[in-house]
Amino acid sequence: MKFIHTADLHIGKVVNEFSMLEEQKHVLQQILTIVKEEKADGLILAGDIYDRSVPSAEAVVALDQFLREATKLGIQIFMISGNHDSPERIGFARSILEDKGLHIEGMIRGNMNPVAMEDEYGTLNIYMLPFAKPAIIRHLYQDETIVTCEDGVRKIIEESGIDANNRNLLITHHFVTNTGKPPEQSESESNLLLGGAENVDASVFEAFDYVALGHIHGPQRMGRDTVRYSGSPIKYSFSEVFHKKSVTIVELKEKGNVTISVRSLVPIHDMRKIKGTLDELMKEEVYSQADVNDYLHVTLLDKQELFDPMGELRSVYPNVMQITFEKNERKEHENSVSIASTQNKTIYEHFRDFYTSVAGEELDGEYETCMKAVIEEIGGDIG
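Residues numbered from 1 in each chain as written. Predicted model: local features only at pLDDT ≥ 70, side-chain atom pairs only at ≥ 80, totals over all residues. Heavy atoms only, no water.

Residue position: Gly-42 is located in strand β4 (residues 42–46). The exposure class assigned to Gly-42 is buried, which follows from its relative accessible area of 0%. Distance from Gly-42 to Lys-2, taken between C-alpha atoms, is 6.6 Å for residues 40 residues apart in sequence. In this view, Gly-42 contacts Lys-2, Phe-3, Ile-4, Ile-75 and Gln-76; residues no more than four positions away in its chain are not counted. (Helix = DSSP H or I, 4+ residues; strand = E, 2+ residues; numbered from the N terminus. Buried < 20%, exposed > 50% of the residue type's maximum accessible area, 1.4 Å probe, protein only. Contact = heavy atoms within 4.5 Å.)

Written out as C-alpha cells, the structure is:
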C-alpha cells in the first residue's frame, strides 16, 4: 500500500502582502502528477489545509479543484484539520464525500474509528486525529486529568482500542517532539500553547507503523523514521529559504516493512535572500545570475540614506518582499550606551558615538574634520 504524504498547504496564504495562491495551484498539480507516477493508493493531507479558519472564496475554489481532480484518480484521500483550519468547515459533507473516496476528519468526536484498506498483506487500518486543544478532549471524555496535548492524544489512542499487532497508520496535526526535543521550526509556524503544553512525545505512537504528521514546515523525522513531518509544499517565510520542499512517499508491505522516500517539489518562483549595495544589486551581471522574479529578502549594505530603495529594486526584482539595512541589524547591546558612560563627554564625543551607532563605523577622514570645525564654530569642546 503506497501513500503520498503532504501537509500544511495553507491554501490562500499571503506572505508579505504577496498572494501565494498561484504558487499553491502550481504545486498541487505537481502532487497530482506524483500520485499518478507513483501509482499511489492514497493521498494524505495532514492538516492546515487553509491558512485561516474562514478561507477566501479563491482558496475554497482552489481546494475544490484539487480534490475533484484527485478523486478522479481512483485513490483514497485522507484529510484532517490543523490549527489554522475551522474543524466544522473542513468537515462539511464528510459522510457524503466518503463514497467518493474522500475521508475527512475536521473535529474530534470521540474514539477514532479506522478506515480499513485491503491489499495482498491484509488489512491496513488508517486512523485520523485532527488538531484539538486539551480543553476540548478533556470535555469530550469528562476527564480532568487531561491537561496537556499529550494527555489528550494518549487518552484518545488508549480509548480507541488499537491493536499493535495489526498494520496501523495515523494521520495527525500536533506538535510532536522526540523525548522532549522539539522539531526544527520556522517563522511561519505558530504554536498555540505555552510551557510545553502543546508537546506530544513520539513515544505515544508506538502502536502505529507510520505516523503522518503536519504542523511543522521543514520535512523531518521525530525519533524513528516512520514518525515524520512531510513539511509544507512551498516556502512560507525567509527562515525556510534552505528547505528542500517535497512530499513523502511511504509504502507499507507486511507488518514491520515500511519504506520511505521523497519526491521534490519545484515552485514557480523560489524564495531567496540576497545582499549588497543598491548599485551592486542593480547591475546586470549580478541580477542575471538568478531568476529576478523570485521572492526576495534584500539586505542593503549602503551606509548613506537612499531614496525609495524598494521602488528602485522592484524595477528589476518585481517580487522583493522585504528590505533590511545591515547597519540596522546589529544587536541591541552594541548600540546601548549607559547613562554613566555619557557623563563628562564632550559634544564631539557624543556626536562621534552617535555616528558610530547609526553608521556602524568610526567617524574619521573628512567627516571628522568637518564635524570638529562645526563644533569649534559654535564654541563647543572637541576634547
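In this section: the nonpolar core. Membership of the largest hydrophobic core comes to 40 residues, with the highest contact counts inside it found for Ile-11, Leu-43, Leu-45 and Phe-66. Of all the secondary-structure elements, those providing two or more residues to this core are α1 (21–38), β4, α2 (57–71), β5 (76–80), β6 (102–105) and β15 (246–252). If sequence neighbours within four positions are ignored, Leu-43 has contacts with Ile-4, Ile-31, Val-35, Phe-66, Ile-75, Gln-76, Ile-77 and Phe-78. In this structure, Met-112, Leu-129, Val-153 and Leu-213 belong to the second largest nonpolar core, which totals 28 residues. (Core = buried A, V, L, I, M, F, W, Y, C linked by side-chain atoms within 4.5 Å.)

Turning to a negative patch on the surface, a few remarks are in order. On the surface, Asp-279, Glu-280, Asp-308 and Glu-312 cluster together into a patch of negative charge. Tracing the chain through its elements places Glu-312 in helix α9 (residues 309–314). A residue is classified by how much of its surface remains accessible, and Glu-312, at 35% relative accessible area, is partly exposed. (Patch = residues over 30% accessible without salt bridge, like charges linked within 9 Å, V, L, I, M, F, W, Y side chains within 5 Å. Areas by Shrake-Rupley, 256 points an atom, 1.4 Å probe, with all protein chains shown as cover. Salt bridge = Lys/Arg side-chain N within 4 Å of Asp/Glu carboxyl O. Lys, Arg positive; Asp, Glu negative; His and termini not counted. Charge placed at Lys NZ, Arg CZ, Asp CG, Glu CD.)

The next subject is the pairing of β15. The buried count for β15 comes to six of seven residues, which makes it a mostly enclosed element. Count of turn residues in the β15/strand β16 (residues 258–264) antiparallel hairpin: five residues, of which Gly-256 carries a positive phi of about 90 degrees. (Pairing = 2+ DSSP bridges.)

Moving on, we come to unusual backbone geometry. We note that Lys-39 has phi near 50 degrees; this positive angle belongs to a residue other than glycine. When you line up the elements, Lys-39 lands in the loop between α1 and β4. Judged by relative accessible area, Lys-39 falls into the exposed class, the value being 68%. Here His-215, not a glycine, exhibits a phi torsion of approximately 115 degrees, which is positive. Assignment of secondary structure puts His-215 in the loop between β12 (210–213) and β13 (220–222).

Attention now moves to the confidence of the model for the protein chain. On average, residues of the protein chain carry a pLDDT of 90, and 91% of them reach 70 or more. Note on residues 335–340: pLDDT under 50 across the span, and three contacts to partners over four residues away in sequence or across chains. (pLDDT = per-residue confidence, 0-100.)

A sheet is described by the order of its strands in space; here six strands give the open sequence β7-β8-β9-β12-β14-β13, paired in mixed fashion. Strands with a single pairing partner mark the edges of an open sheet, and in this sheet they are β7 (115–119) and β13. Ignoring strand direction, the axes of neighbouring strands in this sheet form an average angle of 30 degrees. Pairing of strand β9 (residues 167–172) with β12, which is carried by four bridges, proceeds in the parallel orientation. Along β12, the bridge assignment pairs Leu-169 with Tyr-210. (Axes fitted to C-alpha atoms, helices over the stretch in contact; angles between N-to-C directions.)

Let's shift gears to the pattern of salt bridges. Using the criterion set out here, one finds 19 salt bridges in the structure. A salt bridge links Glu-326 to Lys-275, with the nearest nitrogen and oxygen atoms 3.4 Å apart. Of this pair, Glu-326 sits in the loop between β19 (320–325) and α10 (332–335) while Lys-275 sits in strand β17 (residues 271–276); the two residues are 51 residues apart in sequence, bridging distant segments of the chain. Judged by its relative accessible area of 35%, Glu-326 is partly exposed.

Next up on the list: the packing of aromatic side chains. Taken as a whole and assessed by the stated rule, the structure comprises four aromatic pairs. Ring geometry for Phe-18 versus Tyr-295: centroids 6.1 Å apart, planes at 75 degrees, classification edge-to-face. Residue Phe-18 is found in strand β3 (residues 18–19), and its partner Tyr-295 is found in strand β18 (residues 295–300); the two are separated by 277 residues along the sequence. On the basis of an interplanar angle of 85 degrees and a centroid distance of 6.4 Å, the ring pair of Tyr-287 and Tyr-317 is categorised as edge-to-face. (Phe/Tyr/Trp six-rings, centres within 6.5 Å; stacked < 30°, edge-to-face > 60°.)

Right, let's get into the sheet that holds β5. In a beta sheet, neighbouring strands are held together by backbone hydrogen bonds and run either parallel or antiparallel to one another. Sheet architecture is open: six strands sit in the order β6-β5-β4-β1-β15-β16, paired in mixed fashion. Every other strand in the sheet has two partners, leaving β6 and β16 as the edge strands with one partner each. The mean inter-strand angle of the sheet, taken between neighbouring strand axes irrespective of direction, is 20 degrees. Alignment of strand β1 (residues 2–6) against β15, held across four bridges, turns out to be antiparallel. Within β15, the residue paired with His-5 across the bridge is Thr-248. Its contacts with the sheet put α2 on β4, β5 and β6, and the angle it makes with β5 is roughly 150 degrees.

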